[in-house]
Amino acid sequence: MNTALLVAVLLLTVLTVFNLVVVLGVVRRLRAYENRLGDLAEPPPVSTATLGEPVADFSASTVDGRTVGRDSLTGRTLIGFFSPDCPACHERLGDFRTAAVRHSGDVLAVVVDDGGDTAPVVGAFSGTGVAVVVEDPEGPVASAFGVRGFPAFVLVRDGGVVESVGYQVPVPA
């Protein structure tokens, strides 16, 4: 009887140690998988604009007939790029409007006409003093800033020199 008990205890000990090794291996793999997911969760660059460098020269007309270009970007200018078919763009419209009201410089909203209804996005800036440009996806403003995703927000200083770029609306100074 003592031998059978000893064999049972040894067998259970071996199984417990084996179980512990398997669990530790699974935890290690889950952590590695989680780290890979974290790397994939990083959004791609929103723009190819380089911080500290001026954007390419451009010229575009606003919906009220004014002409805007790199040389017309004086002081600190807040620029937002929106697509009418982008849910995140609609979510951040309110943040951009708030930042536009608080921003002491010029504000430009670029609505990319990719076949969707641009009226709701353009209408969101009615009465705010925000200059609005509606253009094709490869339009002059989006091309000058190298926009690759929406929404995109850029803060520039005199001459179109890029101060910040990203998916989040910059906090006005």
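See above for the structure.
Residues numbered from 1 in each chain as written. Predicted model: local features only at pLDDT ≥ 70, side-chain atom pairs only at ≥ 80, totals over all residues. Heavy atoms only, no water.

## A look at the overall build of the chain
When you go through the chain residue by residue, the secondary structure sums to four helices and seven strands. Ordered by position from N to C terminus, the α and β elements of the chain give α-β-β-β-α-β-α-β-α-β-β. Once the C-alpha set of the chain is aligned to its principal axes, its extents read approximately 100 × 35 × 30 Å. Across the 173 residues in the chain, those meeting the buried criterion constitute 36%. Of the contacts made within the chain by residues no fewer than 6 positions apart, 68% connect residues no fewer than 24 positions apart. Counting only carbon and sulfur atoms, one obtains 58% of the accessible surface of the chain, whose full area is about 10,300 Å². (Helix = DSSP H or I, 4+ residues; strand = E, 2+ residues; numbered from the N terminus. Buried < 20%, exposed > 50% of the residue type's maximum accessible area, 1.4 Å probe, protein only. Contact = heavy atoms within 4.5 Å. Areas by Shrake-Rupley, 256 points an atom, 1.4 Å probe, with all protein chains shown as cover.)

## Regarding the pattern of salt bridges
Counting across every chain of the model gives two salt bridges. Salt-bridge contacts for R76 lead to E163; the nearest nitrogen and oxygen are separated by 3.0 Å. You can see R76 sitting in the loop between β2 (67–69) and β3 (77–82) and its partner E163 sitting in strand β7 (residues 161–166), a full 87 residues away along the chain. The class for R76 is partly exposed, based on a relative accessible area of 31%. By relative accessible area, which is 29% here, E163 ends up partly exposed. (Salt bridge = Lys/Arg side-chain N within 4 Å of Asp/Glu carboxyl O.)

## Brief notes about the nonpolar core
One finds F58, I79, F81, L108, V141 and F145 to be the most contacted residues of the largest nonpolar core, which totals 22 residues. For this core, the secondary-structure elements that each account for two or more residues are β3, β4 (107–112), β5 (131–135), α4 (140–145) and β6 (152–157). The residues contacting F58, other than those within four sequence positions of it, are V68, G69, R70, L73, P140, V141, A144 and F145. Core analysis: the next-biggest nonpolar cluster, separate from the first, contains 19 residues, L78, F82, C86 and A100 among them. (Core = buried A, V, L, I, M, F, W, Y, C linked by side-chain atoms within 4.5 Å.)

## What about the pairing of β5?
Counting buried positions along β5 gives four out of five residues, so the element sits mostly inside the fold. Bridge analysis of β4 against β5 gives five bridges, and the strand direction is parallel. What sits directly across from V110, in β5, is V133. (Pairing = 2+ DSSP bridges.)

## Some words on the sheet that holds β7
Pairing in this open sheet of five strands is mixed, and the strands run β5-β4-β3-β6-β7 from one edge to the other. Strand pairing shows two members of the sheet lacking a second neighbour, β5 and β7, which therefore form its edges. Pairs of neighbouring strands in the sheet enclose a mean axial angle of 20 degrees, with direction left out of account. Each of β3, β4 and β6 touches helix α2 (residues 87–102); the most contacted strand, β3, lies at about 165 degrees to it. (Axes fitted to C-alpha atoms, helices over the stretch in contact; angles between N-to-C directions.)

## Concerning a negative patch on the surface
Residues D85, D113, D114, D136 and E138 make up a contiguous surface patch of negative charge. As for its placement among the helices and strands, E138 is situated in the loop between β5 and α4. Residue E138 is classed as exposed on the basis of its relative accessible area of 67%. (Patch = residues over 30% accessible without salt bridge, like charges linked within 9 Å, V, L, I, M, F, W, Y side chains within 5 Å. Lys, Arg positive; Asp, Glu negative; His and termini not counted. Charge placed at Lys NZ, Arg CZ, Asp CG, Glu CD.)

## Observations regarding the packing of aromatic side chains
As enumerated under the stated definition, the model contains seven aromatic pairs in all. Plain terms: the ring middles of F58 and F145 are 5.9 Å apart, the flat faces sit at 55 degrees to each other, and that makes the pair tilted. Of this pair, F58 sits in the loop between α1 (2–41) and β1 (59–61) while F145 sits in helix α4, and the two are 87 residues apart along the sequence. Accessibility classification places F58 together with F145 in one group, the buried group. (Phe/Tyr/Trp six-rings, centres within 6.5 Å; stacked < 30°, edge-to-face > 60°.)

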